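An overview of the molecular structure
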Amino acid sequence: MTMTSPTQAPQALPPKPERRTPQRRSRFRMGAGQQTKGGPFAYAALIVVGIGSLLPLYWTLVAASRTQDEVLASTPPFLPGGRLFDNLRTAWEQANLGKAIVNSIVVSASITAATLFFCTLAGYAFAKMRFRGRGWLMTAVIATLTIPPQLSVVPLFMMMSDLGWGGQLESVIFPTLVSAFGVFFMRQYLIEALPYELIEAAKIDGANNLRIVVSVVLPVARPAMMVLGMLTFVQAWNDFFWPYLALNQQNPTLQVALGQLSASYTPDQSIVMAGALISTLPLLVVFVLFGKKIVGGIMSGAVKG
């Protein structure tokens, strides 16, 4: 008969391995950098949206290449005609579109550059700099978005007249050098995209505020600046209300010049559509040249890690 030693503990049985049920990976969970494939319904919806977006531009092309009688017929044409270049030349000569395009480029480029500069600086100050009254000032900036722009037309017009800028491009450029939406947009982006540690590291290296803005803030804010720049340029290019009041027929922007084409008692719709087609082409060129960079900037700013 064997005796067990009192100091020797009995051996414990090994634990049974737990059975793990295999987990099915959800189709709706996506990791960083993963993409899902769209089904037939998604492609059909995209095709419908694409056609609906291109249809107004196509109709402008069709109407600009036809005569007014064909455009106003009970059965409108669905294919372009052969009078496109004649109508474009007529619209160019009647509305002095050459000078109008130059003025629109100057106005839109100046407003876009100034908006990006001032809104980025103001957005960085409201997002990362600590100073007294920061919250109240930001509330005041946002509150200006609720004021209709029509209420400021009379005092703004009087101010431009006192400065001697009546009928000049300065009267269109200077009132829109900075926008409340741009300040709010850049502030919201820099709050998430620009960490305080990066700013503190630059200060430890001896960088002043100007160096921090140039070397740290601007590279981080580049994706948002591209988006804001595109929105600002399109808005300034298509603006009609204030340029129509501030400028005259001898020094118009493109939208004001197009308004002259339809100002007659019986305007020629084919000529008006030809002028509208001319005003659309520069925006298409800008989007073709910079659209890929803008979309790439949005994606690089959205992906973290």
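The paragraphs below set out a description of the structure included in this document.

Cut-offs applied
- Residues numbered from 1 in each chain as written.
- Predicted model: local features only at pLDDT ≥ 70, side-chain atom pairs only at ≥ 80, totals over all residues.
- Heavy atoms only, no water.
- Helix = DSSP H or I, 4+ residues; strand = E, 2+ residues; numbered from the N terminus.
- Buried < 20%, exposed > 50% of the residue type's maximum accessible area, 1.4 Å probe, protein only.
- Contact = heavy atoms within 4.5 Å.
- Areas by Shrake-Rupley, 256 points an atom, 1.4 Å probe, with all protein chains shown as cover.
- Core = buried A, V, L, I, M, F, W, Y, C linked by side-chain atoms within 4.5 Å.
- Phe/Tyr/Trp six-rings, centres within 6.5 Å; stacked < 30°, edge-to-face > 60°.
- Lys NZ or Arg CZ within 6 Å of the ring centre and 35° of its normal.

Let us look at the overall build of the chain. Looking only at helices and strands, one finds 13 helices and 0 strands in the chain. Moving toward the C terminus, one meets the helices and strands of the chain in the order α-α-α-α-α-α-α-α-α-α-α-α-α. A burial count over the chain gives 31% of its 305 residues as buried. Excluding contacts between residues fewer than 6 apart, the proportion of contacts in the chain whose partners are at least 24 apart in sequence is 73%. Total accessible area computed for the chain in this model is approximately 21,100 Å², and 65% of it derives from carbon and sulfur atoms.

Looking now at unusual backbone geometry. The phi torsion at N96 lies on the positive side, around 50°, for a residue other than glycine. With respect to the element layout, N96 can be found in the loop between α3 (84–94) and α4 (97–128).

Now for the nonpolar core. Membership of the largest hydrophobic core comes to 22 residues, with the highest contact counts inside it found for Y124, M186, L190, L194, I212 and V217. Per-element accounting of this core gives the leading share, 9 residues, to helix α10 (residues 209–238). Here M186 is in contact with C119, T120, G123, A221, A224, M225 and L228, once residues within four sequence places are set aside. In terms of nonpolar packing, the next biggest core, distinct from the first, is built from 20 residues, L254, I271, V272 and A274 among them.

Take the packing of aromatic side chains next. Evaluated as defined, the whole model comprises 6 aromatic pairs. A cation over an aromatic ring shows up here: K128 above the ring of Y196, its NZ or CZ 4.3 Å from the ring centre. The ring of Y196 is capped by R130, whose NZ or CZ atom sits 4.8 Å from the centre of that ring.

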